[in-house]
Structures are given as structure tokens and as C-alpha cells.
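Each chain, letter by letter, is given below.
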Amino acid sequence: LDLNFTNITIIGGALGVGIGFGLQNIVNNFVSGLILLFERPVRVGDYIEVQNLRAEIKKIGLRATTVETFDRADIVIPNSDLVTNQVTNWTLGDRSMRLIVPVGVAYGSDVEKVMRVLMAVASESDRVLKDPQPMVLFLNFGDSSLDFQLRVWISDFNDRRIIQSALIQEIDRRFRLE
């Protein structure tokens, strides 16, 4: 039996390099998992945005983190993505957030009256925080409207769409009355 140890060594070396590259990713995700568990830049229950994906963190494992999108799809994200990419954590320190409601009104509308109505809607809502105070801004002369923004703070990030909808409905009702 004639064995050529040079060929076996080359095959063994190539196999070792391949396994090394494969393990590199696993070790990277494992170390990133340890960073996430000890440093805690994200926690279970946080709402994050990473690479244009918005989701709630459901489970942080040593290799990967499971998140649930607002459409209730579960996605497994390698931990290294959460450590090396920019991650926006909407709820890390506080669940409150600023909500911006854009409002356009017809040219010729009474600007002061529009601003008064928007401020009244915000001030009278029990879902809008009083501190920081609501703010109304007249931003621009748009292509077909005078452009305003109603800026309010709410106590819970989860309620943002419900509160925004309620504010828009009340703004529409009040504009009709005025």
C-alpha cells in the first residue's frame, strides 16, 4: 500500500481551513450572544429596528435572537447582526415616544385658527402627555396645502397608531365644526 502523505496533508489542510471558516461564523455569533446577554443593549420585549426591519424581541439565545414583526412573523437574526449593525431600540430606557401627525389644510385657511384647533385636540386628549407639552408647527407652503405638524408625546410606544388614528379623527371632526 503506497500512501502519499503530501496529498493527505493537503486535503487535511484544506478541510481544516474550511471547517475554520465555518466555525468562525458560529464563534462570532456566540460571542455576540454573550455581549447581548451581559451588556444588554436589547432585552426581551424591546421594539427594535435593524436593517429596515421593525420587530419585538421575543428570545435572545447564544447564537441568534428571535424577533416577531408587527405582522406576527417570527424571524431569527444572527446575534452578530445585532452587535455589528446599527440597531434602533425604541423602548430601551423608556416606552414613551414623540408622535408626529402631519396635517395639510387648504390655502386661504386661517393659520392661527388651525394652530389653535390642533393644540386644543392635543391638549384635550387623555392619551397625550402634558409634559413635554404638545406643539404645533406651521412648516411649509406645500404644493397644494399649508403644511402643519402636531407633535405630541405618548406614554407607550405600542399605542402610537391607535392614538394617531384617534387624533386624526378628532382633528377632522373639529375642522368640520370650525
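Just so you know, these numbers come straight off a predicted model, no measurement behind them. All residue numbers refer to positions counted from 1 along the written sequence of the respective chain. Restriction of local features to residues with pLDDT of at least 70 applies here, the model being predicted, together with a cutoff of 80 or more for giving and counting side-chain atom pairs; totals for whole chains, interfaces and linings are based on all residues. Just so you know, side-chain values use all the structure's heavy atoms and leave hydrogens and water out.

A word on the nonpolar core. We call a set of buried Ala, Val, Leu, Ile, Met, Phe, Trp, Tyr and Cys residues a nonpolar core when their side-chain atoms join them within 4.5 Å. Relative accessibility decides the category of a residue: with a 1.4 Å probe and only protein chains considered, values under 20% of the type maximum give buried, values over 50% give exposed, and everything between is partly exposed. Val103, Leu118, Phe148, Leu150, Val152, Leu167 and Ile171 are the most contacted members of the largest nonpolar core, which has 22 residues in total. For this core, the elements supplying multiple residues, two or more each, are strand 6 (97-105), helix 3 (111-124), strand 8 (146-154) and helix 4 (160-177). In contact with Leu150, not counting residues within four places along its chain, are Leu99, Ile100, Val101, Leu118, Ala122, Met135, Val136 and Ile171. Among the nonpolar cores identified, the runner-up in size contains ten residues, and Val42, Ile60, Ile77 and Leu82 belong to it. In this text, helices come from DSSP runs of H or I with a minimum length of four residues, and strands from runs of E with a minimum of two, each type numbered from the N-terminal end. The criterion used for residue contact is that any of the two residues' heavy atoms lie within 4.5 Å.

Moving on: helix 4. Given a helix with a known number of residues, its expected span is that number minus one, times 1.5 Å. For helix 4, with 18 residues, the first-to-last C-alpha span of 26 Å sits near the 26 Å given by 1.5 Å per residue. If you check which residues of helix 4 are buried, you get Arg160, Ile163, Gln164, Leu167, Ile171 and Arg174. The buried residues of helix 4 occupy an angular sector of 100 degrees when projected down its axis, which confines them to one face. Summarising the geometry of helix 4, the exposed residues directed more than 90 degrees from the buried face are Arg161, Ile162, Gln169, Arg176 and Leu177. Buried residues belonging to helix 4 abut strand 6, helix 3 and strand 8. Throughout, the arc means that of the directions going from the helix axis to the C-beta atoms.

For the rest of this paragraph, the subject is the packing of aromatic side chains. Classification of ring pairs uses Phe, Tyr and Trp, with its six-membered ring standing for Trp, and accepts pairs whose centres are within 6.5 Å; under 30 degrees between planes counts as stacked, over 60 as edge-to-face, and the remaining range as tilted. Enumeration over the complete set of coordinates arrives at six aromatic pairs. Centroid distance Tyr47 to Phe70: 5.8 Å. Interplanar angle 15 degrees. Geometry classified as stacked. A residue pair is termed long-range when its members are at least 10 positions apart, and Tyr47 in strand 1 (residues 47-50) and Phe70 in the loop between strand 3 (64-69) and strand 4 (74-78) qualify at 23 residues. By relative accessible area, which is 9% here, Tyr47 ends up buried. For Phe70, a relative accessible area of 43% puts it in the partly exposed group. Considering the side-chain rings of Tyr47 and Phe157, the 5.2 Å spacing of their centres and the 40 degrees angle between planes classify their relative orientation as tilted. Of this pair, Tyr47 sits in strand 1 while Phe157 sits in the loop between strand 8 and helix 4; the two residues are 110 residues apart in sequence, bridging distant segments of the chain. Across the pair, exposure class does not vary: Tyr47 and Phe157 are buried alike. Three or more aromatic residues link up through ring pairs in this structure, and these residues are Tyr47, Phe70, Trp90 and Phe157.

Attention now moves to helix 3. In a regular helix each residue adds 1.5 Å, so 14 residues correspond to 20 Å; helix 3 covers 20 Å between its end C-alpha atoms and thus fits that length. Taken together, the buried positions of helix 3 are occupied by Val114, Val117, Leu118, Ala120, Val121 and Ala122. Against the buried residues of helix 3 lie strand 6, strand 7 (135-141), strand 8 and helix 4. Distance and chemistry together define a polar contact, namely a pair of N or O atoms within 3.5 Å, with one atom able to donate a hydrogen and the other to accept it when in protein, and with adjacent residues in sequence counting only for side-chain atoms on both sides. For helix 3, the side-chain oxygen to backbone nitrogen distance between the N-cap and Glu112 is 3.2 Å, and the N-cap itself is Asp110.

One speaks of a salt bridge when a side-chain nitrogen belonging to Lys or Arg is within 4 Å of a carboxyl oxygen belonging to Asp or Glu. Applying the stated rule across the entire model yields eleven salt bridges. Of the charged contacts in the structure, one is a salt bridge between Lys58 and Glu56, with a shortest N-O distance of 3.4 Å. Under the relative-accessibility criterion, Lys58 is labelled partly exposed at 38%. Note that Glu68 and Arg72 form a salt bridge whose closest N and O atoms lie 3.5 Å from each other. The exposure class of Arg72 is exposed, given its relative accessible area of 67%.

We now examine the environment of Thr66. Residue placement: Thr66 occurs in strand 3. Judged by its relative accessible area of 23%, Thr66 falls in the partly exposed class. Discounting chain neighbours no more than four positions away, the residues touching Thr66 are Glu56, Ile57, Lys58, Lys59, Asp74, Ile75 and Val76.

Interpretation in functional terms is not warranted from these geometric data alone.
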